[in-house]
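Okay, here's what each chain looks like letter by letter:
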Amino acid sequence: MGDLFRYEFMVHAFEAGTIIAIVAGAIGYFVVLRGSAFAAHALSHIGFAGATGAVVLALNPIVGLLAFTLGAGVAIGALGNRLRGRDVTIGIVLAWTLGLGVLFISLYRGYATEAYALLFGEILGISSTDVVVTLVAGVITLVAIIAVYRPLLFSSVDENLAAARGVPVTALSIGFMAILAVAVTEAVQVVGVLLIFALIVTPAAIAVRFTSRPALAIGIGIVLALAFTWFGLTIAFYSPHPVSFFITSLAFATYVAVRIVEPIRARATKATAQKATA
Amino acid sequence: MTDQPAIAARGLSAGYGSRRIWTDANFAIEAGSFTAILGPNGSGKSTLVRLILGLLAPAAGHIEVLGEQPRRGNPRIGYVPQGSYFDPELSVRGRDFVGLGVDGHRWGVRITGTAKANAAIAASIQSVDATGYADRNLGRLSGGEQQRLLLAQALVGVPEILLLDEPLSNLDVRNQQSMVQLISDVARRRQLTVLLIAHDVNPLLKHIDHVLYVAQGRLAMGKPDEIITSESLSRIYSSPVEVLRDSQGRVFVVGLEEEVSHPHG
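Counting from 1, residues in each chain are numbered in the order their sequence is written. Think of it this way: whatever chain is written first is A, whatever ligand is written first is 1, and the rest follow in order. With pLDDT at 70 or above as the cut-off, local features in this predicted model cover only qualifying residues; side-chain atom pairs require 80 or more to be listed or tallied, and sums for whole chains, interfaces and linings still use all residues.

**Q** Explain the overall build of chain A to me, and be specific about the residues and the numbers.
**A** Looking only at helices and strands, chain A features 12 helices and zero strands. N-terminal to C-terminal, the α/β element order of chain A is α-α-α-α-α-α-α-α-α-α-α-α. Seen along its three principal axes, the alpha-carbon backbone of chain A occupies a region of about 75 × 50 × 30 Å. The exposure scheme places C-beta atoms from the backbone and then counts, for each residue, the other C-beta atoms within 10 Å of its own, assigning buried at 20 or more, exposed at 12 or fewer, and partly exposed in between. Burial status across chain A gives 50% buried among its 278 residues. What counts as a contact is two residues whose backbone-derived C-beta atoms lie within 7 Å of each other. For chain A, long-range pairs separated by at least 24 residues make up 75% of all intrachain contacts whose partners lie at least 6 apart in sequence. Secondary structure elements follow DSSP: runs of H or I of four or more residues count as helices, runs of E of two or more count as strands, with numbering from the N terminus.

Here you go:
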């Protein structure tokens, strides 16, 4: 086990992975609560076009990624949370931007490795500068989530009621998508645009099956995201296979296990209750 | 109790853009009274609610709520919106939802005053007899249980006016009666002014002081037995409206719905 931290790239991977897991676990709760899982997924894909475009322009791909996810996030937020057909609109934009991404890849010869890293993550290639940038972005995202926590929870549970109580629901919807855009950009470094669900959505989706207390659900989501990241990195270190595979597989296996155990547990509770009344 | 009405309207008109929903409404809602707002679908009942909440400005005329201009987020109004029932997948504890009525509109997280907030939440849940299921997932509760927690959320901020937009529409007859009884009891105990939008006046008849009718672009207010008569409603809406009463005292209003669905007929 001591071998793990002998290498600088593993230390950086654990540092960045830890920051990102905390952010992803926290924002994921609101993604699940607001039914915005598809929007989160779309943001990362739209970001892919930005990242590849940035490379064509000889810029840092993260800059392009952030610009596109932020732009898309604000646009999706402005569409509103309850609008019928929102997912269709998002999907149409998503398909077009992925097409742009393909164009940008073809414009930049010898780009396959970097495109691969964007799609599937490259947490083992994180520099100490990247860790600092991730930490700053992570702190900003967490502070932003804490700052909007109560009104965001309120408008996620009942938008009409929140609006009547004076909560600026549209501004919050845009603000939330902007925070999510930053979180997605961070998480892309670990799992890549294609696998973003595993870190942002899956831990929170599992957490809300355990508890209906918002703060506790966020806590469980963070713990799960941390566990998937840490175990995924550890297993990957001792195996020839990619980290992203282990992180996503751990997330998936946990979700499946919870879905299998849940009805059994519910039946047991019911049986006990029936026995008690009989 | 003061003599000042809880809500007063003078020459009030409401609409969106150039379209008027109803015009020239004059009424005063007595403080501490229970008023049913009735009228066909689309007649502008919820528009009145939006005016009281300060979410919509009057197209003309004046409205005062507790002696002030209506303003968004007024803590003196407890509100239950129309069509509020929660998705079964929504995983939020009833108690946490009621807590949003305390400080859900404030930025940040609750740091100070936690004990006070928790006591207020528990008391509000107790006052609607929801203690038994307040710690369960809101999305998995029955319609009646959800309505009680919505009411607890509206009451937790200690309002003076309770504004309930169709709180009975998703309930069966038995639940409707117990819900109205509960609202009436709580209102009397706390001296609240209640405005309740309903489709059917029958579950309310024993409890209400006044009826505010919204139909065909006009508002009319009065005591239930004065206003819900064939003569009175026909005069107000200058068209034949019939009020039928059955052997158990239930009333049925016939004529208003048809006029609204064929406004030029």
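Further notes follow.
**Q** I'd like a rundown of the interface of chain A and chain B, residues and numbers included.
**A** Frequently, the measure chosen for interface size is the accessible area removed from exposure when the parts meet. Facing the 23 residues of chain A at the interface are 23 residues of chain B. Every element with two or more residues in the side of chain A that touches chain B is listed here: helix 6 (128–157), helix 7 (159–164) and helix 11 (214–237) of chain A. A total of nine residues in the side of chain A that touches chain B trace back to one element, the largest contributor, which is helix 6 of chain A. Just so you know the grouping, Ala, Val, Leu, Ile, Met, Phe, Trp, Tyr, Cys and Pro go in nonpolar, Asp, Glu, Lys and Arg go in charged, and all remaining residues, Gly too, go in polar. When the residues that make up the side of chain A that touches chain B are grouped by side-chain class, the tally is 16 nonpolar, three polar and four charged.

**Q** Quick rundown of the sheet that holds strand 2 (residues 19–29) of chain B? Include the residues and the values.
**A** All names here are of chain B. Paired strands, as defined in this entry, are two strands with at least two bridges between them according to DSSP. As summarised here, the arrangement of the three strands in space is 2-1-4, forming an open sheet in which the pairing is antiparallel. Among the strands making up the open sheet, the edge pair consists of strand 2 and strand 4 (60–65). Between one strand axis and the next, the sheet turns by 30° as a mean value, whatever way the strands run. As defined by bridge partners, strand 1 (residues 7–16) adjoins strand 2 across seven bridges and the pair is classed as antiparallel. In the sheet register, Ala14 faces strand 2, and the bridge partner there is Trp22. Where helices are involved, their axes are fitted lines through C-alpha atoms of the stretch in contact, as for all axes, and angles between N-to-C directions lie from 0 to 180°. Along the sheet face, helix 1 (residues 45–53) touches strand 1, strand 2 and strand 4 and points at about 115° away from the line of strand 1.

**Q** So what's going on with the nonpolar core? Residues and values would help.
**A** Residues of type Ala, Val, Leu, Ile, Met, Phe, Trp, Tyr and Cys that are buried and joined through C-beta atoms within 7 Å form what is called a nonpolar core. Within the largest apolar cluster, 164 residues are counted, with the highest numbers of intra-cluster contacts made by Ile27, Leu180, Ala187, Ile196 and Ile200 of chain A. Here the bounds of each domain stem from an automatic or database domain assignment. When residues of this core are sorted by domain, at least three fall in each of domain 1 (1–76 + 192–265) and domain 2 (78–158) of chain B. In contact with Ile196 of chain A, not counting residues within four places along its chain, are Ala40, His41, Ser44, Val184, Ala187, Val188 and Val191 of chain A.

**Q** For the environment of Thr254 of chain A, give the residues involved together with the corresponding values.
**A** All names here are of chain A. As for its position among the elements, Thr254 is in helix 12 (residues 243–277). For Thr254, a count of 16 C-beta atoms within 10 Å gives the class partly exposed. Considering only alpha carbons, one finds Thr254 and Leu224, 30 residues apart in sequence, at a separation of 9.1 Å. When sequence neighbours within four positions are dropped, the list of residues in contact with Thr254 reads Ile206 and Leu224.

**Q** Residue-level account of the pairing of strand 11 (residues 251–254) of chain B, with values.
**A** Where strand 10 (residues 242–245) of chain B meets strand 11 of chain B, four bridges bridge the pair, whose relative direction is antiparallel. Across the sheet, Arg245 of chain B pairs through a bridge with Val251 of chain B, a residue of strand 11 of chain B.

**Q** Provide a residue-level description of the sheet that holds strand 9 (residues 218–222) of chain B, including the pertinent values.
**A** Residues and elements named next belong to chain B. Taking strand neighbours across the sheet as the criterion, the six strands line up as 5-6-7-3-8-9 in an open arrangement whose pairing is mixed. Where the open sheet ends on each side, the last strands, each with one partner, are strand 5 (77–80) and strand 9. In this sheet, adjacent strand axes meet at a mean angle of 15° when their direction is disregarded. Here strand 5 pairs with strand 6 (residues 161–165) via four bridges, running parallel. For Val80, the partnering residue across the bridge sits in strand 6 and is Leu164.

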